[in-house]
Every structure is written in structure tokens, then in C-alpha cells.
Amino acid sequence: MPPTMPWAARGDHMFGIPRKLVFMGGGAFAKIVATLFNTTTVHNADALLRTVASRPAGVPLLTVSNHMSTVDDPVLWGFKGFPSTNAKLGRWVLTAEDICFRNTVLSYIFRLGKCIPINRGGGIYQENMNEALDRLNDGAWLHAFPEGKVFQEDAPIRRLKWGTASLIVRAPVTPVVLPVIHHGLHEVMPEKYLFGRRPIIPLWSKHIKIVVGEPIEFDLPDLRQRAKVQSRETSFAKIGWPTISQHGLDEAAQKCLYSIISEKIQSAMESLRIFGKTLSKPNS
């Protein structure tokens with residue numbers, strides 16, 4: 001696997017010029033796909049705009065969404081009025097190492113685009129999850145696809161991976177957690193279009209629907225206590241996780257806590273998905 005080039009992800013790399021160019025290009029691509037080639041409607045866009053641009057200094061933002069195509073990011077952020085070309089406001093995003101970091105050129109471009117490589121199957125305590133935690137510690141915006149892979153079926157939100165929950169628990173300042181659900185990008189970039197392959201370019205004349213929820217509240221002290229109690233009554237196979245010494249959470253308690261938080265996020269996302277089905281398409 002090519003090197004993941006952490007130096008290219010620094011904001012001061014070549015005075016930040018390459019990052020700005022990548023965001024200008026990626027943001028323009030997102031705008032073209034979302035607003036020129038296709039029709040995009042957004043419910044509660046103000047909630048996203050407000051938390052991205054106007055949340056208190058030092059408070060991180062963690063957005064979570066379903067994953068319907070390989071162009072979800074950046075096209076999700078290409079709707080009218082969103083600053084998708086702004087490198088300073090732009091999100092960091094967890095990305096699959098085996099897809100986005102396959103060679104040196106891709107690694108460099110995705111690093112400039114504020115992408116953090118994640119080894120799917122590498123566990124929640126892999127090295128690059130620490131980088132994601134550092135970005136939250138900086139008060140930045142981080143986006144995650146907690147389902148862990150692309151699912152193009154119109155089906156309930158699947159069981160979430162625990163990595164997102166672990167970031168919420170481990171962050172010194174609890175992030176604002178904002179759920180986002182979308183539908184339609186599976187038609188813009190279907191996994192099996194021609195001869196079982198994706199199209200070379202995104203398709204057009206589709207309707208993309210984005211539903212932004214409200215921040216999910218987490219009472220972490222209460223959840224930690226619940227997890228400690230629950231862990232005494234639940235059996236988990238141990239795989240050698242470190243103890244979170246600050247709160248005295250052993251591996252079993254961590255698993256219970258991550259499960260509780262993940263289920264809460266999954267429930268919020270599923271409620272948004274169901275609500276989104278009640279929203280009508282724009283007039284043709």
C-alpha cells in the first residue's frame with residue numbers, strides 16, 4: 001500500500017495552496033453534479049450551514065450519513081448555498097484506504113482534500129483513527145459513514161460500526177453530532193450500470209434528496225455508568241483493547257458504551273430516512 005502522506009494533509013503544506021486548489025476543483029465538481037446535472041433538494045439546510053460556519057470556537061462537529069455511492073462525498077456538499085470550495089471550512093472525512101489511497105498520486109490528492117485513510121477491518125484503535133481524533137481535538141469538522149461501506153438498496157439503516165462512537169467518547173470536547181440522510185446518489189453513480197461496473201462519469205437528470213437532522217444529545221457520564229453496569233451482565237470476546245483510564249472503562253464496558261451510542265445514532269438516522277420518504281419530489 002502506498003504511503004498515506006500525513007505531511008500532505010497539513011494546512012501549511014506549500015502554504016496551503018495545493019489544498020485550496022483541490023477544494024476549488026472538488027467543490028466545483030460537486031456543484032456541477034448536484035445543481036447543474038441533477039436536481040438537489042435539502043431539508044433543514046440551515047442546521048448544517050449553522051454548525052459548519054458558526055459553532056463556538058473549539059467545539060468539533062461530527063456529521064454522520066448513510067453511504068449510497070462512491071461520490072457521496074463531495075457531492076453531498078454541492079447544494080446551492082453551501083461553501084463547498086472553501087478549504088478552511090471544508091470537512092475532514094474518513095475514507096477507505098484500499099479505494100482512495102491505491103497509489104501515490106491518489107494518496108496525495110486525497111490527502112490535500114482532507115481525507116483520512118482508514119483500514120477497513122483494522123479496528124477502532126488503528127493509528128489513523130488517532131488522526132481523526134486529533135482533528136476533533138482541533139475543533140474541526142469530521143464526516144463519517146458509520147455503516148462502513150456503500151449500500152445502494154432502499155432499506156433501513158444497517159448496524160453501525162463502532163469507530164464513530166469511539167471518537168465521540170474519546171474526544172476531550174464532545175462533538176456536535178449531526179445526522180444527514182440522503183437518497184438519489186445511488187442513481188447518480190450506480191455500482192452496477194454497464195457490464196456490472198460503475199459509469200465513467202456521474203449520471204444526470206436525477207433527483208438527490210438530502211435531509212439534515214438536529215444534533216444528537218449524548219449524556220456521556222450517564223451512558224458510561226450504564227455501560228459499566230451492562231458490561232457485568234454481558235459476555236464479550238476480548239481482543240486486547242486498551243483501558244480508557246480517565247473513566248475506568250475496561251474493554252467490556254467500552255463495547256457496551258459504543259454499542260449504546262451506535263444504536264442511538266442508528267435510530268436517529270433511521271428516523272430521518274423514514275421522514276425523508278414523506279418529502280415530495282420537486283415539480284418537473
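Relevant structure appears above.
Residues numbered from 1 in each chain as written. Predicted model: local features only at pLDDT ≥ 70, side-chain atom pairs only at ≥ 80, totals over all residues. Heavy atoms only, no water.

### Quick word on the overall build of the chain
Cut-off, in case you're wondering: A helix here means a DSSP run of H or I that spans at least four residues, while a strand means a run of E at least two residues long, and both kinds are numbered starting from the N terminus. For the radius of gyration, the atoms used are the C-alpha atoms, and the globule rule reads 2.2 Å times the number of residues raised to 0.38. Note on classification: 1.4 Å probe, protein chains only; a residue is buried when its accessible area is under 20% of the maximum for its type, exposed when over 50%, partly exposed between these limits. Any pair of residues with heavy atoms lying within 4.5 Å of one another is described as a contacting pair. Working definition of accessibility: Shrake-Rupley area with a 1.4 Å probe, residue cover restricted to the visible protein chains.
Within the chain, the secondary structure is distributed over ten helices and seven strands. Relative to a compact globule of 284 residues, whose C-alpha radius of gyration would be 19 Å, the chain shows 19 Å and is just as compact. When its C-alpha atoms are laid out on the principal axes, the chain stretches across 55 × 50 × 45 Å. With 284 residues in all, the chain has 51% of them scored as buried. When contacts within the chain are restricted to residue pairs at least 6 apart in sequence, those whose partners lie at least 24 apart make up 76%. Counting only carbon and sulfur atoms, one obtains 56% of the accessible surface of the chain, whose full area is about 14200 Å².

### A word on the sheet that holds strand 2 (residues 61–65)
For the record, the criterion: Only strands joined by at least two bridges in the DSSP assignment are considered to pair. Axis definition: a line fitted to C-alpha atoms, over the contacting stretch in the case of helices. Angles run 0 to 180 degrees between N-to-C directions.
Spatially, seven strands are ordered 1-7-6-2-5-3-4 in an open sheet, and the strand pairing comes out mixed. Each edge of the sheet is formed by a strand with only one pairing partner; in this case those strands are strand 1 (39–43) and strand 4 (115–118). Between one strand axis and the next, the sheet turns through 25 degrees on average, direction left out of account. Two strands pair when backbone bridges link them, and strand 1 and strand 7 (residues 207–212) are joined in this way by five bridges, in the parallel orientation. Bridge pairing in strand 7 places Val 42 opposite Ile 210. Packing of helix 2 (residues 45–54) onto the sheet brings it into contact with strand 1, strand 2, strand 5 (141–144), strand 6 (176–183) and strand 7, and relative to strand 6 it is tilted by some 140 degrees.

### What to know about the pattern of salt bridges
Definition in use: By definition here, a salt bridge exists when the distance from a side-chain nitrogen of Lys or Arg to a carboxyl oxygen of Asp or Glu is within 4 Å.
Taken as a whole and judged by the stated rule, the model has eleven salt bridges. For Asp 98, the salt bridge is made with Arg 120, and the minimal N-O distance between the two is 3.1 Å. One end of the pair, Asp 98, is in helix 4 (residues 97–100); the other, Arg 120, is in the loop between strand 4 and helix 6 (127–137), and 22 residues separate them in sequence. Judged by relative accessible area, Asp 98 falls into the partly exposed class, the value being 41%. The class for Arg 120 is partly exposed, based on a relative accessible area of 41%.

### Examining the pairing of strand 2
When you tally the buried positions in strand 2, you get five out of five residues, the bulk of the element. Across the two faces of strand 2 the burial is the same, with Leu 61, Thr 63 and Ser 65 and Leu 62 and Val 64 all buried. Judged from the four bridges that link them, strand 2 and strand 5 form a sheet pairing that is parallel. Bridging across to strand 5, Leu 62 finds its partner in Leu 142. Inspection of the sheet shows strand 2 paired to strand 6 by five bridges, in the parallel sense. Its bridge partner lying in strand 6, Leu 61 is registered against Val 176.

### Observations regarding the nonpolar core
So the rule is basically this: Throughout, nonpolar core names a set of buried Ala, Val, Leu, Ile, Met, Phe, Trp, Tyr and Cys residues whose side chains join them through atoms within 4.5 Å.
Leu 94, Leu 142, Leu 167, Phe 218, Tyr 258, Ile 261 and Ile 265 are the most contacted members of the largest nonpolar core, which totals 43 residues. Looking at this core, the element that brings in the most residues is helix 10 (residues 251–277), giving nine residues. Excluding anything up to four places from it in sequence, Leu 167 contacts Leu 94, Met 129, Ala 132, Leu 133, Leu 136 and Leu 142. One finds Val 33, Leu 48, Val 52 and Trp 77 within the second-largest nonpolar core, a separate group that totals 22 residues.

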